[in-house]
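One letter stands for each residue in the lines below.
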Amino acid sequence: MFIDCHQDIAYSILSNKRDFKTKSEKYMITFDNLKDSNLDIIFSTIFVSHRRKEKHKEEASLQIEEYNKIFQNFPDDFYHIQNKDELRQPKGKIGLIFLMEGAEPISSVDDIDLFYELGLRILGLTWNNENKYAFGSDKDGSLKTEGYELIEKMNEKNITLDLSHLSEKSFWDCIEKTNLIPIASHSNSSKIRKHKRNLNDKQLVAISDKGGITGLVLYNQFIASKQKIGMDEVYKQFLHLLNTCGEDHISMGSDIDGAPIEDFPEGIKKASDLQKIINLLESKRIKTSIIEKFSGKNALRVLNENLV
């Protein structure tokens, strides 16, 4: 089982006005690259935070429509995961489960019902910026009144909380409020790389204590402060997450195509290159059982617990 907890598929297709089946090497996520990736499940994002406020809900709907086109056009290759039973992977298919990265499209808490019907199963309240629900990593602040209401609604609908991008105060308020197993879909260690988007050890342990997972993110700025980032730097982040979170609470959260291709480590230029991370761990003689948990078993456990 190979699971990536964060890929910006529809966002990349629409924002770059490109085709999913493009042969261009500018993009990490394409039909061919995903089919060659050995991935079984992808947390595929709905991300609108770069759009004007009045366009947020429209953009979210367009991204969901783009995913539906993938399901319709490539039924032998991709399928939509909305419940626990659908985690039983059809042979040769990649399952996509929707993760909303920032709750901007949710103009009122009741909108959760609409997006749930459209397939939303994982939600992070903010991107880097502050919104009506919480504070993002750009500015520290507590969870807001509507944020408490939103998490309450998420608990009712069994929508998993994604803690990546939250400010520290909002992080602690959110993790206390959720009744489900929380995740940080794509966050690294601030002890290894001091960055506003990374999590400190206390936060990492808190996620693990609630049974959750933290996804190793491959965006260079979150890995190390060096000019060139290679596999050695990726491994340092992995090792700290392993030692801090524990082997049952780590996963892959690549964030590929969430930034230009040059902002990712040397050798990681397409979705099929994610296998190189697994190869790296094998070369470092990490136990096979730990690699299997990191590559998919841990994320699958959380999905089995949280989905209905």
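Up top you'll find the structure we're talking about.
Residues numbered from 1 in each chain as written. Predicted model: local features only at pLDDT ≥ 70, side-chain atom pairs only at ≥ 80, totals over all residues. Heavy atoms only, no water.

## Considering the side chain of Ser 37
Basically, it comes down to this: The helix count covers DSSP runs of H or I at least four residues long, the strand count covers runs of E at least two residues long, and both are numbered beginning at the N terminus. As used in this structure description, the phrase polar contact means that two N or O atoms lie within 3.5 Å; if the pair is within protein, one of them must be able to donate a hydrogen and the other to accept it, and residues adjacent in sequence are counted only when both atoms belong to side chains. We call two residues in contact whenever any of their non-hydrogen atoms come within 4.5 Å of each other.
Within the secondary structure, Ser 37 is located in the loop between helix 2 (31–35) and strand 2 (41–46). At 2.6 Å, the side chain of Ser 37 forms a polar contact with the backbone oxygen of Leu 34. Sequence-distant contacts of Ser 37, defined by excluding residues within four places in its chain, comprise Phe 2, Ile 94, Ala 271, Ser 272 and Gln 275.

## Section: the environment of Ile 277
Stated precisely, the cut-off is as follows: Residue exposure (1.4 Å probe, protein chains only): buried if accessible area is under 20% of the type maximum, exposed if over 50%, otherwise partly exposed.
By the element assignment, Ile 277 lies in helix 9 (residues 275–283). Since its relative accessible area comes to 1%, Ile 277 is described here as buried. Separated by 59 residues in sequence, Ile 277 and Leu 218 place their C-alpha atoms 9.9 Å apart. Once residues lying within four places of it in the same chain are set aside, the contact partners of Ile 277 are Leu 216, Leu 218, Met 231, Val 234, Met 252, Ile 268 and Phe 294.

## A closer look at the environment of Ile 261
Take Ile 261: it is sitting in the loop between strand 9 (250–252) and helix 9. The exposure class of Ile 261 is buried, given its relative accessible area of 18%. As a C-alpha pair, Ile 261 and Ala 184 span 77 residues in sequence and 22 Å in three-dimensional space. In this view, Ile 261 contacts Glu 25, Lys 26, Met 28 and Lys 269; residues no more than four positions away in its chain are not counted.

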